[in-house]
Structure formats: C-alpha cells, structure tokens
Amino acid sequence: MPRLQDKTALITGAARGIGAAIAQAYANEGASVIVTDIDDTLGQQTAKNICARYEHLDVSSEADWQAIAAAIPALDILVNNAGITGFESGEMVHDPENASLEAWRAVHAVNLDGTFMGCRYGIGAMKAKSTGSIINISSRSGLVGIPGAAAYASSKAAIRNHSKSVALYCAQKGWNIRCNSVHPAAILTPIWEPMIGDGPDRDAKMAALVADTPMKRFGLPEEVAALCVMLGSDEAAYMTGAELTLDGGLLAGSAASPG
Ligand SMILES: NC(=O)c1ccc[n+]([C@@H]2O[C@H](COP(=O)([O-])OP(=O)(O)OC[C@H]3O[C@@H](n4cnc5c(N)ncnc54)[C@H](O)[C@@H]3O)[C@@H](O)[C@H]2O)c1
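The following paragraphs examine the structure supplied in this document. Note that the coordinates shown come from a computational prediction; the quantities given were computed from them, not determined experimentally.

Along the polypeptide, Lys7 turns up in the segment before strand S1 (8-11). Reaching out from Lys7, the side chain makes a polar contact with the side chain of Asp234 at a distance of 3.0 Å.

With that settled, consider helix H5 (residues 150-172). Taking 1.5 Å as the rise per residue, H5 with 23 residues should run 33 Å; its terminal C-alpha atoms sit 33 Å apart, in good agreement. Of all the residues in H5, the buried ones are Ala150, Ala151, Tyr152, Ala153, Ser155, Lys156, Ile159, Ser163, Val166, Ala167 and Cys170. Among the structural elements, helix H4 (101-126), strand S5 (131-137) and strand S6 (176-184) are those in contact with the buried residues of H5. Directly after H5, the chain includes Gly174, whose backbone phi takes a positive value near 80°.

Before going further, it helps to spend a moment on the packing of aromatic side chains. Scanning the entire structure with this criterion turns up three aromatic pairs. Judged by centre distance (5.5 Å) and plane angle (80°), the rings of Trp192 and Phe218 are edge-to-face. Taken as a pair, Trp192 in the loop between S6 and helix H6 (193-196) and Phe218 in the loop between helix H7 (202-209) and helix H8 (221-232) lie far apart in primary sequence, 26 residues in all.

The subject of this paragraph is the environment of Ala31. Along the polypeptide, Ala31 turns up in the loop between helix H1 (17-28) and strand S2 (32-37). The contact partners of Ala31, leaving out residues within four places of it in the chain, are Leu4, Lys7 and Tyr26.

Around the ligand, a shell composed of 27 residues is seen, among which Asp37, Asn81, Tyr152, Ile187 and Thr189 lie nearest. A distance of 2.8 Å is found between an oxygen atom of the ligand and a side-chain nitrogen or oxygen belonging to Lys156. At a separation of 3.5 Å, an oxygen atom of the ligand approaches a polar backbone atom of Ala186. In the complex, the protein chains occlude 94% of the 840 Å² of accessible area that the ligand would expose alone.

For the rest of this paragraph, the subject is the pairing of S2. Burial analysis of S2 places five of its six residues in the buried class, which makes it a mostly covered element. With four bridges connecting them, S1 and S2 associate as parallel partners. What sits directly across from Ile11, in S2, is Val35. Running through H1, the crossover from S1 to the neighbouring parallel element S2 is right-handed. In terms of strand pairing, S2 meets strand S3 (residues 53-56) through four bridges, oriented parallel.

As a further point, take the pattern of salt bridges. All told, the structure shown has eleven salt bridges when counted by the stated rule. The salt bridge partner of Glu243 is Arg160, with a shortest N-O separation of 2.7 Å. Here the residue Glu243 occupies a position in strand S7 (residues 243-246), and Arg160 occupies one in helix H5, the gap between them amounting to 83 residues. The residue Arg217 makes a salt bridge to Glu223 at a minimum N-O spacing of 3.0 Å. Given the relative accessible area of 38%, Arg217 is considered partly exposed. A relative accessible area of 31% places Glu223 in the partly exposed class. Members of the salt-bridge network, linked through shared partners, are Arg3, Glu29 and Glu235.

One open sheet holds the seven strands; their spatial order is S3-S2-S1-S4-S5-S6-S7, and the pairing between them is parallel. In the strand order of this sheet, the two ends are held by S3 and S7, each with one partner. Strand after strand, the sheet turns through a mean of 20° between neighbouring axes, direction not considered. By the bridge criterion, four bridges tie S6 to S7 in an arrangement that is parallel. Bridge pairing links Pro184 to Leu246 in S7. Packed onto the sheet, helix H3 (residues 62-71) meets S1, S2, S3 and strand S4 (77-80) and runs at close to 145° relative to S3.

Packed helices, taken two at a time, are described by the angle their axes make and the gap between the axes. At a minimum axis distance of 11 Å, the contact between H3 and H4 shows a crossing angle of 25°. If you check the angle between H3 and H4, you find them roughly parallel. Remark: the crossing between H3 and H4 carries right-handed chirality. Of the residues in H4, those in contact with Glu62, Trp65, Ile68 and Ala69 of H3 are Gly114, Met117, Gly118, Arg120 and Tyr121. Across the contact of H3 with H4, the residue classes break down as five nonpolar, two polar and two charged.

Rules used throughout
- Residues numbered from 1 in each chain as written.
- Predicted model: local features only at pLDDT ≥ 70, side-chain atom pairs only at ≥ 80, totals over all residues.
- Heavy atoms only, no water.
- Helix = DSSP H or I, 4+ residues; strand = E, 2+ residues; numbered from the N terminus.
- Polar contact = N/O pair within 3.5 Å; in protein donor to acceptor, adjacent residues only side chain to side chain.
- Expected span 1.5 Å × (residues − 1).
- Buried < 20%, exposed > 50% of the residue type's maximum accessible area, 1.4 Å probe, protein only.
- Contact = heavy atoms within 4.5 Å.
- Phe/Tyr/Trp six-rings, centres within 6.5 Å; stacked < 30°, edge-to-face > 60°.
- Near = heavy atom within 4 Å.
- Areas by Shrake-Rupley, 256 points an atom, 1.4 Å probe, with all protein chains shown as cover.
- Pairing = 2+ DSSP bridges.
- Right-handed = clockwise from strand over helix to strand, strands pointing away.
- Salt bridge = Lys/Arg side-chain N within 4 Å of Asp/Glu carboxyl O.
- Axes fitted to C-alpha atoms, helices over the stretch in contact; angles between N-to-C directions.
- Parallel < 35°, antiparallel > 145°, perpendicular 65-115°, else oblique.
- Left-handed = near helix turned anticlockwise from the far one by under 90°.
- Nonpolar A, V, L, I, M, F, W, Y, C, P; charged D, E, K, R; others polar.

Structure below.
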C-alpha cells in the first residue's frame with residue numbers, strides 16, 4: 001500500500017531541486033500533490049510531469065498565503081522547502097561585518113518569514129482534522145555558523161528553533177500535528193550553480209566543496225525526499241520537534257580522525 005495514500009501535500013519551492021524531488025516521491029507514494037513556486041513555467045512543467053496541481057506561491061508574501069488558504073483549506077502534509085542563499089544573482093558580501101541590512105532582510109523574508117507563514121497556514125489547514133505533518137527544510141547551516149553566508153545561516157537556525165515551538169504548541173493544544181526540521185548539506189541542485197559555475201575548474205570546485213564531507217560526495221535530492229516521505233507518513237507518528245541531519249556524516253565530527 002502506498003505510504004501517503006489519501007494524504008494531500010503542499011510543497012513550497014517545488015519547481016526544481018529538492019522540492020521537485022519531494023513532490024515526485026510524494027506522488028509515487030500515492031499523495032495528492034500541490035506543487036507551488038514563484039517560477040510558474042517550471043513549476044507547471046514539474047507538476048504536469050507527476051500529474052500534480054500547480055499553484056503560484058511566493059512564500060514571502062502574506063497575500064499569497066491567504067490566497068492558498070482560500071484555495072486549499074485542508075492539508076495533511078506541508079513541506080516548507082522554498083529557500084534562497086542570497087547568492088542567486090552572483091557573488092555578494094554576506095559576512096557579519098559587511099552584509100547590508102537589505103541583503104540580510106531579503107534572505108530572512110524568504111527563508112524565515114516564509115516558513116513562519118507556512119507554519120501558521122499549515123496549522124490552520126490541519127486543525128479541522130487535528131492531524132498532520134509540517135516539515136521545515138532547514139540546513140546544516142542552521143546548526144553551525146557560516147561566516148560568509150551569515151544571513152542564510154541565521155535564517156536556517158531560526159527555522160530549526162521555530163519548528164520546535166510549532167511542535168510544542170500543537171502538542172499543548174492536543175492536536176496530532178507534528179513539526180520537524182530537516183538539515184541537509186551539499187545536495188546537488190541548481191542552488192549550487194552560482195557557486196560552482198561552468199568553467200574549466202567546475203570539477204575541482206565540486207570536489208573542494210565536499211572535501212570535508214566524510215562520504216566525499218554530494219547528496220541527491222531523492223535522498224532528502226526519502227526522509228520527507230517518512231516524516232510525512234504515519235510511520236513517523238511519534239516524531240515531533242526533532243531535527244534530522246542528512247549530510248554524509250559532516251556533522252558527526254571531523255573527517256580527519258586520529259589514526
Ligand atoms: N541543495 C543543498 O545543498 C541544500 C542544503 C541545505 C538546505 N537546502 C535547502 O533546501 C531547500 C531547497 O533547496 P534547493 O537546493 O532545491 O534549491 P533550488 O534553488 O534548486 O530550488 C529552490 C526553489 O525555490 C523557489 N523559490 C525561490 N524563492 C521563492 C519564494 N520566495 N517563494 C517560493 N519559491 C521560491 C525557486 O524558484 C526554486 O524552484 C532550500 O530551503 C535550501 O536552503 C539545500
């Protein structure tokens with residue numbers, strides 16, 4: 001029996017990358033999937049490929065969340081996946097000393113405000129049945145500092161903590177609405193392209209990026225999706241407020257262990 005049969009799932013930022021892989025895996029497991037994104041052309045294509053519904057949703061826009069709440073009043077699973085690094089249009093200064101307030105706020109508006117509004121809407125859409133699963137895609141960067149990407153790290157750390165507040169709030173209310181955070185690292189998706197580039201040093205740059213990863217490779221979007229299937233399903237019925245790393249062993253310790 002498919003693991004997500006009879007469940008309705010909405011995934012943000014699902015036109016490509018990790019979100020698209022989650023949408024595909026959810027469809028494979030029998031869920032009724034709603035793909036959402038700001039890239040309507042790619043989002044509609046992704047949805048069409050998996051026979052899913054598409055809705056425009058800029059997660060940083062409260063008006064867009066209100067429109068989604070009106071169009072899709074009931075949900076079983078919500079994946080707050082949409083996120084930006086702040087480097088989408090090329091190199092920018094994001095260290096704690098020199099990052100601009102504008103750049104800082106732009107990253108938080110999508111990653112943190114988007115997740116906050118998603119949780120608020122998700123609770124509203126799950127309350128009637130008193131059951132559901134909210135999955136917040138944080139990052140390894142939500143657990144450690146990143147000097148050159150301080151806004152991203154701060155926003156992802158706040159997602160980790162807010163997931164626990166949501167989990168406790170729903171439990172206090174007596175609802176079976178679970179909320180967990182997922183912390184991937186180095187998953188090969190288009191988010192890395194501005195940092196890797198397509199120059200002759202592409203392979204060397206990729207190898208350098210995973211040099212400290214004990215498993216010495218990038219992870220795959222499908223590997224994040226597999227965890228999200230479990231968290232969305234009733235198999236995870238007793239899991240709430242948890243943080244799950246998915247990082248090839250990066251946060252387990254140092255790859256350079258004593259001989
Ligand atoms: N790829 C990694 O290595 C990695 C590691 C840790 C965490 N993450 C997190 O996983 C999530 C997905 O990352 P990805 O690698 O698939 O990225 P990606 O850039 O490939 O895809 C992100 C998607 O989000 C959409 N998006 C951007 N701004 C949006 C907004 N305001 N509203 C709605 N959608 C918006 C984009 O159009 C795109 O389709 C992000 O939250 C990211 O921070 C990724």
